[in-house]
Amino acid sequence: MRETSSNAMDAALRGVPTAPTRWDAVKVMAKAGFSVLLVKPGTKDPLDVRSDREKANDEKAGRSGSGLHTATTNLDRLEKYWARAVEKFGVEPNVAVNVERSGLVTIDADQADETADVQRRGLEGADVPLEAYAPTVTTPGAQDAAGKWVHSGGGHFHFYVDVEDLPLVKSFKLPGGAEVSTKDRYVLIPPSVRNEGPYTVTGPVRPLSSAPWLVDLIRAQADADEADTAARAQAAQDRAQRRETEGPSSVEAWNDAHPWEELLTAYDWTPTGKPDNCGCPIVTAPGDHASPKSATAHEGGCTNRRVDLEGASGPLHIWTDHPPVELEDRERWTKAQFVAAMRHQTMEEFLVAEGLVDDEDTTDPAAMALEVPVDPIDAAVARIVAMTGSGGGTREQRRARLDGAFLSRADLRSLPPLTALVDGYLYLDTLAQLNGERGTFKTFLALDWAGSVATGTSWNGHGVHHGNVLYFAGEGVAKFDDRLSAWEMEHEVHEAPVDVFREIVDFAAEATVEAEWVYVAALLSLRERKPSLIVIDTMARYTSGHDENSAQDMGRLITNLDVLRRVTGACVLVVHHTTRGTTHGRGSTAVEGAMQSVFLMRRSTEQGRVVAELSTTKQKDSPEAEPIKFLPKEIPAAASVVLDPVVEGMDPFTAEGPSVGQHSPHYVRVAAVLWRTFGPGTSGGTKGEVRAVLQGDEDLRLEGKDRQSVSKAFYNAWAVLEKRGALVKATGSRFHLSDEAAVEFGLVEAPETDEDDGPAAGLEAVS
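Residues numbered from 1 in each chain as written. Predicted model: local features only at pLDDT ≥ 70, side-chain atom pairs only at ≥ 80, totals over all residues. Heavy atoms only, no water.

**Things to note about the overall build of the protein chain**
Each helix and strand counted, the protein chain has 23 helices and 34 strands in total. Across the 767 residues of the protein chain, 48% fall into the buried class. Counting every atom, the protein chain has about 36,900 Å² of accessible surface; 48% of that belongs to carbon and sulfur. (Helix = DSSP H or I, 4+ residues; strand = E, 2+ residues; numbered from the N terminus. Buried < 20%, exposed > 50% of the residue type's maximum accessible area, 1.4 Å probe, protein only. Areas by Shrake-Rupley, 256 points an atom, 1.4 Å probe, with all protein chains shown as cover.)

**Brief notes about the pattern of salt bridges**
Per the stated rule, a full pass over the model turns up 19 salt bridges. For E548, the salt bridge goes to R586, with nearest N and O atoms at 2.8 Å. Of the two residues, E548 is situated in the loop between β25 (531-537) and α18 (551-568) and R586 in the loop between β26 (571-577) and α19 (590-593); the sequence distance between them amounts to 38 residues. On the accessibility criterion, E548 (13% relative accessible area) is buried. Linked through salt bridges whose partners overlap, the residues forming this network are E54, K80 and R84. (Salt bridge = Lys/Arg side-chain N within 4 Å of Asp/Glu carboxyl O.)

**Quick word on the pairing of strand β2 (residues 94-98)**
Along any regular strand the residues' side chains alternate between the sheet's two faces. With respect to burial, β2 is a largely interior element, 5 of its 5 residues being buried. Burial of β2 is two-sided: the residues N94, A96 and N98 facing one way and the residues V95 and V97 facing the other way are all buried. Here strand β1 (residues 36-39) pairs with β2 via 4 bridges, running antiparallel. Paired with V36 across the strands is V97, a residue of β2. (Pairing = 2+ DSSP bridges.)

**Some details on unusual backbone geometry**
With an omega of 10°, the peptide bond between P190 and P191 qualifies as cis. D537 connects to T538 through a cis peptide bond whose omega is 5°. Mapping T538 onto the fold places it in the loop between β25 and α18. Not every positive phi belongs to a glycine, and D268 is a case in point at roughly 70°. Note on placement: D268 falls in the loop between α8 (260-265) and β15 (270-275). Classification of D268 by relative accessible area gives exposed; the value is 57%.

Keep in mind these values describe shape, not function.
Laid out in structure tokens, this is it:
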């Protein structure tokens, strides 16, 4: 137990509101025994402002790691860190404490019902209001991007450990949902503030001895953990005894009889002749590699305690980013897994093929025991951190990254050319930026590109690479579906499968295993079908708390976005604001300097109509496209607008607009046939009759590569009319076009209104 008390910690916390400055409050808390770490302003992301020398010294002193491991009670250290954080951000940082180093047990309740459950346990049946057992700190809760509360009414209950021999256990949940932590955890404390509000002291730091129910639960969890560990150890011992008395199973015997060198050389891997730190051989994968260390083949006698040995073998641990395609989906492989993958077999097929089990019984437990438990998310997170070059990853991963940075002239000539995503505008595996003042329809253009990519629809005559789309909707999702629906109606597609990410993550945060953007990038790297276009709308929302004018902060953003690009191969498009009256993105020029493509949206008024104009201000390796003007077009059925390009040679500002023809959307052409041929006074038209007339009209007919594509275009257009409520059933399967739709599509002039007599009768057709 630490040489402090719950009273001292409680007094320090309660003194926060009256402390002259935040720093004064932090000093008092550190003196009281709180092990403090700094957190980025407005967030929950830990902040590491140590110099490289300080990190190296900490490593030598056994203080390795970042994040919660930087917590300290050393005032000299904290004062240095505090000054650096204030200099870096221009504001004071948030504050957190390392639970274990502070000698605390903490219960984290996210919701009001979880808080009430802890309160009922704490009061143990006493006939007093629940508020009498208040959380030590009431937390501000959490909102999603749309402003909806996802956490509210929560708090942290802190207990100072004054109980002898309390075991440290992994976090576990109470039946009511709150989480109990004794180690490997940090929590924010006052005077921290997030967008949702401040952290507020509302209760005491209680001695743990005052909560025997909690002590019992912790000890019970320790017993459960110990029993689980003992069961695993017993299972390993049983396997060893069985092997000694009965001999190895058929699978274990096969495993023992096939050393890694034999298996690897059969698939063109090459031993380097050099051992890794654990004594196991380093091998090189087939093909060209910047570093010879493609993998480590762990065998019996391995000194690495983290390697899970079974029989006389360990896994193949892959380091290279370019292994054979059969081995791309994980980092660690048993021998059986390796051979099965290289043969394109399932484990069951491999076992049968090797004669290790018959085809009636492919569930040999020894075979299943060969599986190496690997959390693919954890492995992916480690890869992401290493890719940023921020000091994360193993030494071998960092060296491999740097070795691969050297390119010969032959390497340069072999680099693939840019692949167009939207021809002339966006390119796969690049970064792009869309700038504009507020209200210049930036989001509508980004959605236009997103819909085109998601459906493979050409964009204003430019070819499009069909692929998945992920849209980071930082400015809210409330109207997102309406905007996509408007786009679908305008382009006559059933659905644009655009995935939307509704949370805010800090893309300018340092790359650590705790950083939320790293976790998101790791998830994307594991997707079988990765996005081809990633839209981040807007940069300000996803870099909150950072200085846009800081080359350091924005340089970190570019590094992180570049990792996102590398793990997906996508075009990463960042939507950003300009300073009023300028044509470049707000803040540091380092951002635009790193972009492959940069665009500018401007808004103006011509002949009383709002006009949006897109211009290309930078294409690093391709010609800049000519500017395009758009008219915002209202789609009433979707309660939104789309950008309608101004066609060259047409006057978009005439009252009547262009006549219906080949330039018109498919659904407008179908509507024209319904109105002109099967309009009022007729019995209406069936789908077949309308299609026959449409395809017989040279000015209106739908074109396609074959009859099937034309048929699909017609039925998509008909579905759009149905969705917009433009069809009126005449009899049976016969339909008319509604008068309102005829006006909306420009097929007739809008009726004039007479104040005395009401709407003028009749609608006159427009050619």
